[in-house]
Amino acid sequence: QVQLIESGGGLVQAGDSLRLSCAASGRTFSSYAMGWFRQAPGKEREFVARISRNGGSTIYADSVKGRFTISRHNDKNTVHLQMSSLKPEDTAVYYCAADSRTGGIVTTTRRYDYWGPGTQVTVSQ
């Protein structure tokens, strides 16, 4: 059982940077791969980034590759998303999620076991 809370969202201008954080409860954080997803109004939740249990492997959506960086600190039960060169189309509620499974398709929302309530990121033109 994991409880997740995101923080760090806000209002920024295009081209700015923002760092999101996700704090997890419990003692099993390192047993989960962690992902970031986002959802804009009227759109489905979409995959943004994922990091493996030990932080040794990351994957990114093409839309954010080269601009966003996911990281984790298992000793502090946190995962982060460093967002750079932000664009208006990055505007969304950002969610962190925990995945206990291994293998298979890792970019779909349905495979993740736990979700935070989300944090709003708004990028103005």
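Parameters and conventions
Residues numbered from 1 in each chain as written. Predicted model: local features only at pLDDT ≥ 70, side-chain atom pairs only at ≥ 80, totals over all residues. Heavy atoms only, no water. Disulfide = S-S within 2.5 Å. Helix = DSSP H or I, 4+ residues; strand = E, 2+ residues; numbered from the N terminus. Pairing = 2+ DSSP bridges. Axes fitted to C-alpha atoms, helices over the stretch in contact; angles between N-to-C directions.

Student: Where do I start with the state of the cysteines in this structure?
Tutor: In a disulfide, the sulfur atoms of two cysteines are held together by a covalent bond. Applying the stated rule across the entire model yields one disulfide. A sulfur-sulfur separation of 1.9 Å characterises the disulfide bridge that pairs Cys 22 with Cys 96. Between Cys 22 and Cys 96, the disulfide has an S-S torsion of 50° and is therefore right-handed. Of this pair, Cys 22 sits in strand S3 (residues 18-24) while Cys 96 sits in strand S9 (residues 92-99), and the two are 74 residues apart along the sequence.

Student: Teacher, can you tell me more about the sheet that holds strand S8 (residues 78-83) here?
Tutor: Neighbouring strands of a sheet are bound in pairs by backbone hydrogen bonds; such pairs are parallel or else antiparallel. The four strands are arranged S1-S3-S8-S7 in an open sheet whose pairing can be described as antiparallel. Both outer strands of the open sheet, strand S1 (4-7) and strand S7 (68-73), are each paired with one neighbouring strand and no more. The mean inter-strand angle of the sheet, taken between neighbouring strand axes irrespective of direction, is 15°. Direction of pairing for S3 relative to S8: antiparallel, over a ladder of six bridges. By the bridge assignment, Ser 21 is partnered in S8 with His 80.

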